[in-house]
Amino acid sequence: MIALDVAGLAKTYPGPGGVEAVRDLTFQVGRGELVCVVGPSGAGKTTLLRCVAGLLDLSGGRISLDGTPVTGPPAGMAVVFQEYGRSLFPWLTVRKNVELPLKEKGLAKAARTAKVDAALESVGLLESAGAHPWQLSGGMQQRVAIARAVAYEPSVLLMDEPFAAVDAQTRADLEDLVRELWQRLAVTILFVTHDIDESVYLGQRVLVLSNRPTVILEDVPVDLPEHRDQLATRSSPEFARIRTHVYELVQLAKKGGRPDPE
Amino acid sequence: MTRTRTAALGLLGLALLVAGTEALPRLNVVDRRFLPPFSSMTVALARQLRGAEFWTALAETLRGWALGLAVAMAAGIAVGVVIGSVPFLRAVTASTIEFLRPIPSVALIPLVVLIYGSRPQSALVLVVYAAFWQVLVQVLYGVADVDPVVRDTARSYRFSRRTIVRTVVWPTAMPYVVTGFRLAASVALILEVTAELIIGVPGLGRSIGVAQSSGAVPQTYALVLVVGLIGVAVNVATRSVERRALRWHISVRRDL
Amino acid sequence: MTPRRVLAALGLPVVLIALWWLVSASSTSFFWPPLSTIVRAFPQTWTADPILHDVLPSLARLTTGYLVALVAGVAAGTAIGSSPTLRALCEPALEFLRAIPPPVLIPVIALFAGYTGATSKVVTIALGCLWPILLNTVEGVRSLDEVLRDTARSYRLGRVATLRQVVLRGASPRIATGARQALSIGVILMVISELFGADRGLGAAIVQFQRGFAIPQMWTGIILLGLLGVALSGLFRLVEHRSLAWYRGLRQSERGM
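The rules we used
- Residues numbered from 1 in each chain as written.
- Chains lettered and ligands numbered in written order.
- Predicted model: local features only at pLDDT ≥ 70, side-chain atom pairs only at ≥ 80, totals over all residues.
- Helix = DSSP H or I, 4+ residues; strand = E, 2+ residues; numbered from the N terminus.
- Rg over C-alpha atoms; globule rule 2.2 N^0.38 Å.
- Buried ≥ 20, exposed ≤ 12 C-beta atoms within 10 Å, placed from the backbone.
- Contact = placed C-beta atoms within 7 Å.
- Nonpolar A, V, L, I, M, F, W, Y, C, P; charged D, E, K, R; others polar.
- Core = buried A, V, L, I, M, F, W, Y, C linked by C-beta atoms within 7 Å.
- Pairing = 2+ DSSP bridges.
- Axes fitted to C-alpha atoms, helices over the stretch in contact; angles between N-to-C directions.
- Parallel < 35°, antiparallel > 145°, perpendicular 65-115°, else oblique.
- Left-handed = near helix turned anticlockwise from the far one by under 90°.
- pLDDT = per-residue confidence, 0-100.
- Expected span 1.5 Å × (residues − 1).
- Bend = angle between axes of the 7 residues up to and from the residue.

A. Quick peek at the overall build of chain B. Helix and strand content of chain B: 10 helices and zero strands. Its C-alpha radius of gyration of 23 Å places chain B more than 25% over the 18 Å reference for a compact globule of 256 residues. Over its C-alpha atoms, taken along the principal directions, chain B stretches across nearly 75 × 55 × 30 Å. The proportion of buried residues among the 256 residues of chain B is 40%. Here the analysis covers contacts within chain B between residues at least 6 apart in sequence; of these, 72% occur between residues at least 24 apart.

Right under this line is the structure:
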């Protein structure tokens, strides 16, 4: 079952001469998969994500979510942004923040409360439900953003370098949280990151992007066990092998490498 | 949006405003007696500019404004630095300031009329009273913003109080003083013109009142335009001064 | 509140009032009657009738004009602030219009309809209060965080919901600044509009006392006006305090970092 189908995605930014950011991105994400996207800086990772999220218009190509073409922000998709501090509404409590998209969906009060509680429980922040986001630490704020996305019960969860602005310790905890939520809730995740180790640790596949104008350099399968652990997995030889491969690909991308013609 | 586009749109907006003011009376959508066409306003203005009366009035308005502003700045800075630097004074005067500040200066108009009539001193009192609070509040913010570490360092080196004020307090407070200057300049203009209009202190405000009560409609509007332009000039000038002062301040702070 | 704080808050005012009382007690000056005389004149001057027919109408005109300005200013400001094109178009024109000192509008309005009715005064107050609210709303809406807007869009918040929940709430600190400035302008215009073409009102009453050389009564009017200004300002702060508590917390946490 294909959850997300991206065919020939292209994006050129307007301006003198036009800036071709993305030339051709074609890939699919199956239902329940966790796919990571890495690439050199400026490779268009965020452009890709914003296009898939329906926040940015395409210059070419087609995106389908569960078979339906994406023309604007589709129902059934939730985004977790990098800047958690700016994506949570500071005038609402944690609970109200998580509840807001559900209100828009039109759920009844009782159903909303149940889902909000479950989501906050799953990220371990049920006791902070009455606090305001700015009263919490950075890692906790990002958890709230994740809880909000989870409560929405999306078909596909998009995460745009969500842990880039968080300290290393917290990042490790949040990575494990994402994997745990993914396995428990069977949600499909497209995870964009610049951190190569993170992409291999999290994903079932890693899409490596070239630099501008962006195409997919390689779709790397990650053949690591289902259960992953920060210490054991990261020191396993298989992890090192995949990681080195992705690292080499990214270095190649930085120098302007292109995929081998089929 | 590019800067040229923004500027072009802005000019278009102004042009539309002028065009509307020209067209509406001519098309009798608005009665000519209430709103004359823009062209007749400019004609009346040109006539004004040729007479000496206008220039005298303009000078009187500007003088009253500048004098009141200067007094308010001096008093506001002096009082603000003193109160702000002494915690005891700050605590004790806080409630009084909070109480006196919202009192509208126009409440003083009847009193001031009794004492000074329509002499420029009336306007001076009103202008200074209103502008003083703007400056004082900003100076207090500025003095409070002084980095305690920097101040303690100066004190541990046994700088005299004068030196501390000069080298620590003043540079920190200066951008706030400039902001206070901007706010006070605008308030001072409003009060000066108000005093002229209501009390009859010599100046453009009085000219407007006279023009209106004698039925010289285009003239009234012409003078209103002039006052508006002066206001714009004051706002633009003070805002650019403020921006420059703040830029300097931020870069200095970063180097620290 | 600890006794120390109460003392600090009340100390200077009490001292000043006492000084005023003592210094003016033996005064024979015409303009500066003894404070005791003024205080005694208070209940005689402001009986039920003047309160009903002077103070309340003034307040009613102020409230009406202010509310009109608030609604119109927020509505127009939101529309203008949401569109870069509209903003560029309107900004210079608005800059000019707001630079005209509000009292100067009075003769202009007087040209239209004379200045005796209540309408002209309400219009004056509304026009004067409009600009700070309008301009601050534009700024508040314009500077709304992009990430907040993207979040609202990605969760498919409808237009109305986005407006109410995101745009207006996000811009509310700026709007509050404008509303506060507008309040002081409104009080000023409330008084001045009555000085210009008075029927009945607080400002009108004070002027009548002044013209009739009823000095202690004039002073009671001035003091009452001052108290009114303070009371309105205090009321505004109370409302602002409660509805913008989140903003204060946010700024504090930012500064802590």
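Here the narrative resumes, following the displayed structure.
B. A look at the overall build of chain A. Check the secondary structure of chain A and you find eight helices and 10 strands. Computed over the C-alpha atoms, the radius of gyration of chain A is 18 Å, within 12% of the 18 Å expected from 2.2 N^0.38 for a compact globule of 262 residues. Counting only C-alpha atoms and orienting by the principal axes, one finds that chain A spans roughly 55 × 45 × 35 Å. By residue count, 44% of the 262 residues in chain A fall in the buried class. Contacts in chain A between residues far apart in sequence, at least 24 positions, make up 71% of those at least 6 positions apart.

C. Seen up close, the interface of chain B and chain C. Taken together, the contact between chain B and chain C spans 43 residues of the former and 45 residues of the latter. At the level of secondary structure, the elements contributing two or more residues to the side of chain B that touches chain C comprise helix H1 (3-26), helix H4 (87-100), helix H5 (109-116), helix H8 (161-199), helix H9 (204-213) and helix H10 (217-255) of chain B. Top contributing element to the side of chain B that touches chain C by residue count: H10(B), with eight residues. Looking at the side of chain B that touches chain C residue by residue, the class counts come to 30 nonpolar, 13 polar and no charged.

D. Representation of the nonpolar core in the model. All names here are of chain B. Core analysis: the biggest nonpolar cluster contains 205 residues, and Ala-131 and Ala-188 have the highest contact counts within it. Top contributing element to this core by residue count: H8, with 18 residues. Residue contacts for Ala-188: discarding those within four places in its chain leaves Trp-65, Gly-68, Leu-69, Ala-72, Val-127 and Ala-131.

E. How the structure looks around the sheet that holds strand E9 (residues 205-209) of chain A. Residue and element names in this part refer to chain A. Ordered by their spatial adjacency, 10 strands build an open sheet running E5-E4-E1-E2-E10-E9-E3-E8-E7-E6, and the pairing between neighbours is mixed. Edge strands, defined here as strands with exactly one partner in the open sheet, are strand E5 (68-69) and strand E6 (77-80). The sheet contact formed by strand E1 (residues 2-13) and strand E4 (residues 60-65) spans five bridges and is antiparallel. Considered in E4, the bridge of Ala-10 is made with Gly-60. Packing against the sheet, helix H1 (residues 45-52) makes contact with E1, strand E2 (19-30), strand E3 (34-38), E4, strand E7 (156-160), strand E8 (188-192) and E9, and its axis sits at approximately 120° to E1.

F. Structural detail: the arrangement of the chains. Contact analysis covers two pairs of chains in contact, and the most contacts occur between chains B and C. The least C-alpha distance between chain A and chain B, which are not in contact, is 11 Å.

G. Region of the structure containing the packing of helix H8 (residues 159-196) of chain C against helix H9 (residues 202-211) of chain C. All names here are of chain C. Put simply, H8 and H9 touch, their axes get as near as 7 Å, and they point 50° apart. Accordingly, the angle class assigned to the pair H8 and H9 is oblique. For the crossing formed where H8 meets H9, the hand is right-handed. Of the residues in H9, those touching H8 at Met-190, Val-191, Glu-194 and Leu-195 are Gly-203, Ala-204 and Val-207. Considered class by class, the residues forming the contact of H8 with H9 number five nonpolar, one polar and one charged.

H. Focus on H9(C). Of all 10 residues in H9(C), eight are buried, a share of seventy percent or more. Along H9(C), the positions that sit buried rather than exposed are Leu202(C), Gly203(C), Ala204(C), Ala205(C), Ile206(C), Val207(C), Phe209(C) and Gln210(C). Next to the buried residues of H9(C) lie H5 of chain B together with helix H3 (48-82), H8 and helix H10 (215-243) of chain C. Phi turns positive one or two residues past the end of H9(C), at Phe213(C), with a value near 55°.

I. Representation of the interface of chain A and chain C within the structure. Taken together, the contact between chain A and chain C spans 19 residues of the former and 18 residues of the latter. Counting residues per element, the ones that place at least two in the side of chain A that touches chain C are helix H2 (84-87) and helix H3 (94-105) of chain A. In terms of residue count, the dominant contributor to the side of chain A that touches chain C is H3(A) (three residues).

J. Broad picture of the confidence of the model for chain B. Residues and elements named next belong to chain B. Averaged over chain B, the pLDDT score is 87; the fraction of residues at 70 or greater is 96%. Within chain B, the lowest mean pLDDT, 81, falls on helix H7 (residues 148-156), and the highest, 93, falls on helix H3 (residues 52-85). Scored below 50 in pLDDT, residues 252-256 makes zero contacts in the model with residues more than four places away or belonging to other chains. In the model output, the complex is listed with pTM 0.84 alongside ipTM 0.83.

K. Structural view of H3(C). Between its terminal C-alpha atoms H3(C) stretches 49 Å, which fits the 51 Å expected from 35 residues at 1.5 Å a residue. The sharpest bend along H3(C) measures roughly 30° and falls at Leu56(C), with the proline Pro57(C) sitting one to four residues further on.

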